[in-house]
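Okay, here's what each chain looks like letter by letter:
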Amino acid sequence: MDTFEYQIDEKTTVKKFLSYHGVSHRLLKKMFDQNKIRVNQRVSQNQTLKPGDQLTMTLPEQGGVTPNQGELKVVYEDKNWLVIDKPAGLTSVPGPSRPDDSVLNRVAGYLITQGKTAPQPAIMTRLDRDTTGLVLVAKHVLAQGWLDQLGVNKQVTKRYLALAVGHLPQQSGTFDQPLGMAEDGIHRMVRADGQQALTKYRVLQESAHYSLVELNLVTGRTHQIRVHMAHAGHPLVGDPLYGETIPALQHQALIAYQLTFFDPFTQATHQVELPMPAIFETLLAAD
């Protein structure tokens, strides 16, 4: 069980204090109903707090995620957060074809090895199945709720590296085209009635036929980078949906290589970064 202790330094109420610390109304009600909140070691409801009081809350057990003991590469961890290096071929969350093996399932299995009895982690930054790189995971419902409350897109920045076909006409810029579902129900496409989608890009290196591009998502639409790059005439190398596959790479050349996030628990900002994949270097050098 996840337990949090707070030392009170000003007069307030339990509800106001915990709401300020990221506890949603729904979660607060559940903890009140289950006697999960204590003030000075006594079960509490919404009483007045005074300086010097000690408030302790224990998160209710959630369950619901099927644990999987598959391999999980953890690149950052603390009491509340995990950052995972996701491989190609693994979905972020369970789906109809693989309901029990995803990043979420593997994190649940990982947390069980740490002694959690019914973990309920949450994926805060999803990646496409065949996009590799950094994924931010909330270990428990409080972390998820607090970051959601602050606005994930405002508190988390992801930067990607992509290997694209050809040379972009400008070394930096912004793609600003709305995206929506194609008629086949699988592809996404630029369409006037789609959702707003903004992608900032910067060319880092060029070879004879490829460009190494750094991209920053201002919005987070499905397949956003892949569609914007293909629409510009520069699909990602190895992209089976929007470009062409190549023997050396069985998925799109796209990695979420840098993740920066604000931690509301500590008020600190953390940044995690991965090196450029070796296959990117190989393809650039051989071109």
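About the criteria used
- Residues numbered from 1 in each chain as written.
- Predicted model: local features only at pLDDT ≥ 70, side-chain atom pairs only at ≥ 80, totals over all residues.
- Heavy atoms only, no water.
- Helix = DSSP H or I, 4+ residues; strand = E, 2+ residues; numbered from the N terminus.
- Buried < 20%, exposed > 50% of the residue type's maximum accessible area, 1.4 Å probe, protein only.
- 1 Å grid on protein atoms, 1.4 Å probe; cavity = no way out; pocket = protein on both sides within 12 Å on 5 of 7 lines; lining within 4 Å.
- Points joined across faces, edges and corners; volume = space filled by probe spheres on them.
- Nonpolar A, V, L, I, M, F, W, Y, C, P; charged D, E, K, R; others polar.
- Pairing = 2+ DSSP bridges.

### Notes on unusual backbone geometry
If you check the backbone angles, His223 has positive phi at about 60° while not being a glycine. You can see His223 is positioned in the loop between strand 16 (210–217) and helix 6 (224–231). Residue His223 is classed as buried on the basis of its relative accessible area of 11%. Residues other than glycine seldom take positive phi values, yet Gln267 does so here, at roughly 65°. Examined against the element boundaries, Gln267 turns out to sit in the loop between strand 17 (254–263) and strand 18 (268–273).

### Some details on the layout of surface pockets
Of the voids in this model, the largest pocket is the one considered here, and its volume is about 690 Å³. Along the wall of the largest pocket there are 27 residues; nearest its centre are Arg126, Lys158, Tyr160, Leu217 and Gly220. By residue class, the composition of the lining of the largest pocket is 10 nonpolar, 11 polar and six charged. Around the second largest pocket, the lining residues are Thr91, Ser92, Val93, Pro94, Gly95, Pro96, Ser97, Arg98, Arg126, Leu127, Asp128 and Arg129. Partitioning the lining of the second largest pocket into residue classes produces four nonpolar, four polar and four charged.

### Points about the sheet that holds strand 6 (residues 54–58)
Spatial ordering of the open sheet is given by 1-6-3-4, a layout of four strands whose pairing is antiparallel. Strands at the two margins of the open sheet, each flanked by one partner only, are strand 1 (3–7) and strand 4 (42–43). Inspection of the sheet shows strand 1 paired to strand 6 by five bridges, in the antiparallel sense. Across the sheet, Tyr6 pairs through a bridge with Leu55, a residue of strand 6.

### A few points about empty space enclosed by the protein
A complete count under the given rule lists one cavity of 30 Å³ or more for this structure. Computed from the structure, the largest cavity encloses a volume of approximately 160 Å³. Residue classes in the lining of the largest cavity are distributed as six nonpolar, four polar and four charged.

### Regarding the pairing of strand 11 (residues 156–165)
The element strand 11 is extensively covered by neighbouring structure, given that seven of its 10 residues are classed as buried. Alignment of strand 11 against strand 17, held across seven bridges, turns out to be antiparallel. Following the sheet pairing, Tyr160 is matched in strand 17 by Ala256. Of the strand pairs in this sheet, strand 11 and strand 16 are connected by seven bridges, and their pairing is antiparallel. Along strand 16, the bridge assignment pairs Ala162 with Val213.

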